[in-house]
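Coordinate inspection notes
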Amino acid sequence: AKGADKGTWQRYRGELHTDMAQRLETRVALLDAIDAEQFRLLYQPIVNLRTNRVEGVEALVRWQHPTRGLLGPYHFIELAEESGAIVAIGNWVLRESLAQFARWHADDPSGSPSYVSVNVSARQFRTPGFVDRVRAALTEAGVEPPRLLLEITESLVLRDADQVWADLRTLRALGVRMAIDDFGTGYSSLSYLREMPVDVLKIDKSFIDDVLHSEKQRVLVETIVALAHNFELRVVAEGIEDHGQRAVLTAMGCDYGQGYLFAKPVRPEEIPALTRVEPAL
Ligand code: C2E
Ligand code: CA
Ligand code: CA
Ligand code: CA
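Under the annotation held in an unreviewed UniProt entry, the chain carries the name PAS domain S-box-containing protein/diguanylate cyclase (GGDEF)-like protein and is attributed to Paractinoplanes brasiliensis.

Below, the structure written as structure tokens:
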């Protein structure tokens with residue numbers, strides 16, 4: 001048994017070493033990835049549950065790594081947050097998604113989404129000059145502010161409330177819309193919602209997963225939707241994968257849905273076909 005333990009330990013040490021080496025390597029490589037044009041954006045449709053039309057799209061970043069292939073955010077966002085590279089990546093995402101939005105409109109206004117939703121990390125939002133960068137990116141792309149929805153996290157809105165809330169108010173005064181992403185996973189009390197300077201709540205997929213089979217989850221989601229509407233917020237359900245979930249959420253009056261049932265994240269050239277025609281439901 002002792003020999004086996006030793007083998008396990010050595011294997012564990014080896015894995016630990018490989019893991020740490022890879023993290024360090026990834027951290028360094030991330031710094032060059034923007035200049036090397038290795039980031040890509042995919043876009044996932046956001047569907048109006050009443051009309052079944054695609055109204056918006058969410059930009060989701062990918063890293064075309066020179067040796068490891070196409071990497072999802074899980075492989076690098078956290079490291080980018082730690083190293084601060086997220087600020088430059090986030091600015092690239094903002095500029096590129098607005099430029100893409102303008103291209104869709106120039107090519108075919110009837111086959112383009114009416115807004116683009118962009119994830120903003122807490123660190124990026126709190127970097128001085130963020131509001132000015134948003135303003136400059138909109139001007140540069142020639143996109144009207146209401147066409148942009150910024151997705152921020154619950155924890156950002158709770159922490160450093162004063163400066164963050166002032167910036168949220170400035171952005172909204174410009175006409176930019178704000179969403180709370182992954183709603184329900186943080187600690188905000190529902191009563192707090194009334195005061196938050198935001199327009200949209202995105203209910204996290206973990207709540208939608210059980211909405212058919214758990215009475216408790218259903219009541220919770222129903223309560224969030226009703227309360228949000230009471231405060232004149234619109235609600236997006238994330239991660240809808242089947243017709244049953246969609247039916248329940250539509251019956252609750254949830255405004256928008258996003259998930260594999262409608263479409264996975266796709267390359268930008270695939271968006272006009274999805275926007276123009278009704279999605280096959
Ligand atoms: P998120 O903002 O909650 O985005 C939704 C995630 O759920 C996306 O994963 C999307 O592909 C996935 N998804 C959507 N519908 C379904 C479904 O029906 N089933 C399942 N199983 N998954 C679904 P993705 O693209 O891997 O992104 C993961 C997270 O990475 C995002 O979660 C977001 O927090 C972060 N992220 C993505 N792009 C950016 C970015 O440009 N900046 C920042 N700061 N974070 C980003
Ligand atoms: Ca999001
Ligand atoms: Ca989520
Ligand atoms: Ca998120």
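Still more ground to cover, so stick around.
Let's shift gears to the pattern of salt bridges. Using the criterion set out here, one finds 16 salt bridges in the structure. In this structure, the salt-bridge partner of Lys202 is Glu58, at a minimum N-O distance of 2.9 Å. One end of the pair, Lys202, is in strand 7 (residues 200-203); the other, Glu58, is in strand 2 (residues 54-65), and 144 residues separate them in sequence. Owing to a relative accessible area of 5%, Glu58 belongs among the buried residues under this scheme. Between Lys205 and Asp209 there is a salt bridge, with the nearest N and O atoms lying 2.9 Å from each other. Note that Lys205 and Asp209 are positioned in helix 8 (residues 205-209) at a spacing of 4 residues, about one turn of the helix. Here Asp209 falls in the partly exposed class, since its relative accessible area comes to 32%.

Of all residues adjacent to ligand 1, which total 21 residues, the nearest are Gln44, Arg62, Asp181, Glu241 and Tyr260. In the model, an oxygen atom of ligand 1 is placed 3.4 Å from a nitrogen or oxygen of the Glu58 side chain. Between a nitrogen atom of ligand 1 and a main-chain N or O atom of Val61, the distance comes to 3.2 Å. Relative to its free-state accessible area of 810 Å², ligand 1 is covered by the protein chains to the extent of 78%. Looking at the shell around ligand 1, the elements that each hand over two or more residues are strand 2, helix 3 (85-107) and strand 6 (177-183). Among the elements that make up the shell around ligand 1, the one with the highest residue count is strand 2 (4 residues).

Take the coordination of the calcium ion (ligand 2) next. Protein ligation of the calcium ion (ligand 2) involves Glu58 (OE), Asn119 (OD1), Glu151 (OE), Asp181 (OD) and Asp181 (OD), the donor distances falling in the range 2.1 to 3.1 Å. Here the calcium ion (ligand 2) is ringed by 6 donor atoms whose angles at the metal span 45 to 175°, and the overall shape comes out irregular. Considered as a linear motif, the donors of the calcium ion (ligand 2) on their single chain read E-x60-N-x31-E-x29-D. The distance between the calcium ion (ligand 2) and the calcium ion (ligand 3) is 5.9 Å. Separated by 93 residues along the polypeptide, Glu58 in strand 2 and Glu151 in strand 5 (residues 148-153) bring together distant segments of the chain.

Let us look at the packing of helix 9 (residues 215-230) against helix 10 (residues 243-252). Each packed pair of helices is defined by two parameters, the angle between the axes and the distance between the axes. Viewed as axis vectors pointing N to C, helix 9 and helix 10 meet at an angle of 40°, and their least axial separation amounts to 10 Å. By the angle between their directions, the pair helix 9 and helix 10 is classed as oblique. In this structure, helix 9 meets helix 10 at a crossing whose hand is right-handed. Contact residues: Arg218, Val221, Glu222 and Val225 in helix 9; Val248, Leu249 and Met252 in helix 10.

Around the calcium ion (ligand 3), the donor atoms from the protein are Asp182 (OD), Asp204 (OD), Glu238 (OE) and Glu238 (OE), and they sit 2.2 to 3.1 Å away. In the primary structure, the donors to the calcium ion (ligand 3) are separated according to the pattern D-x21-D-x33-E. When its relative accessible area of 28% is taken as the criterion, Asp182 is described as partly exposed.

For the rest of this paragraph, the subject is the nonpolar core. Counting 73 residues, the largest nonpolar core has Phe125, Val134, Leu148, Leu150, Leu171, Met178 and Leu249 as the members making the most contacts within it. If sequence neighbours within four positions are ignored, Met178 has contacts with Phe125, Leu149, Leu150, Ile152, Leu168, Leu171, Arg172, Pro197, Val198, Asp199 and Val200. One finds Ile46, Tyr115, Leu149 and Ala179 within the second-largest nonpolar core, a separate group that totals 7 residues.

A rise of 1.5 Å per residue sets the reference length of helix 5 (residues 130-141), with its 12 residues, at 16 Å; its end C-alpha atoms lie 17 Å apart and thus fit the reference within 8%. Of the positions making up helix 5, those classed as buried are Phe130, Val131, Val134, Ala137 and Leu138. The arc that holds the buried residues of helix 5, viewed along the axis, is 125°, so those residues lie on one side. Exposed positions of helix 5 whose direction lies more than 90 degrees from the buried face are Thr139 and Glu140. Structurally, helix 5 contributes buried residues whose contacts are with helix 3, helix 4 (122-126), strand 5 and helix 7 (161-174). Two residues or fewer after helix 5 comes Gly142, characterised by a positive phi angle close to 70°.

What counts, and where the lines are drawn
Residues numbered from 1 in each chain as written. Chains lettered and ligands numbered in written order. Predicted model: local features only at pLDDT ≥ 70, side-chain atom pairs only at ≥ 80, totals over all residues. Heavy atoms only, no water. Salt bridge = Lys/Arg side-chain N within 4 Å of Asp/Glu carboxyl O. Helix = DSSP H or I, 4+ residues; strand = E, 2+ residues; numbered from the N terminus. Buried < 20%, exposed > 50% of the residue type's maximum accessible area, 1.4 Å probe, protein only. Near = heavy atom within 4 Å. Polar contact = N/O pair within 3.5 Å; in protein donor to acceptor, adjacent residues only side chain to side chain. Areas by Shrake-Rupley, 256 points an atom, 1.4 Å probe, with all protein chains shown as cover. Donors = N, O, S within 2.8 Å, 3.2 Å for Na, K, Ca; no water. Tetrahedral: all angles 85-135°; square planar, octahedral: opposite > 155°, others 65-115°. Axes fitted to C-alpha atoms, helices over the stretch in contact; angles between N-to-C directions. Parallel < 35°, antiparallel > 145°, perpendicular 65-115°, else oblique. Left-handed = near helix turned anticlockwise from the far one by under 90°. Contact = heavy atoms within 4.5 Å. Core = buried A, V, L, I, M, F, W, Y, C linked by side-chain atoms within 4.5 Å. Expected span 1.5 Å × (residues − 1). Arc of directions from axis to C-beta.

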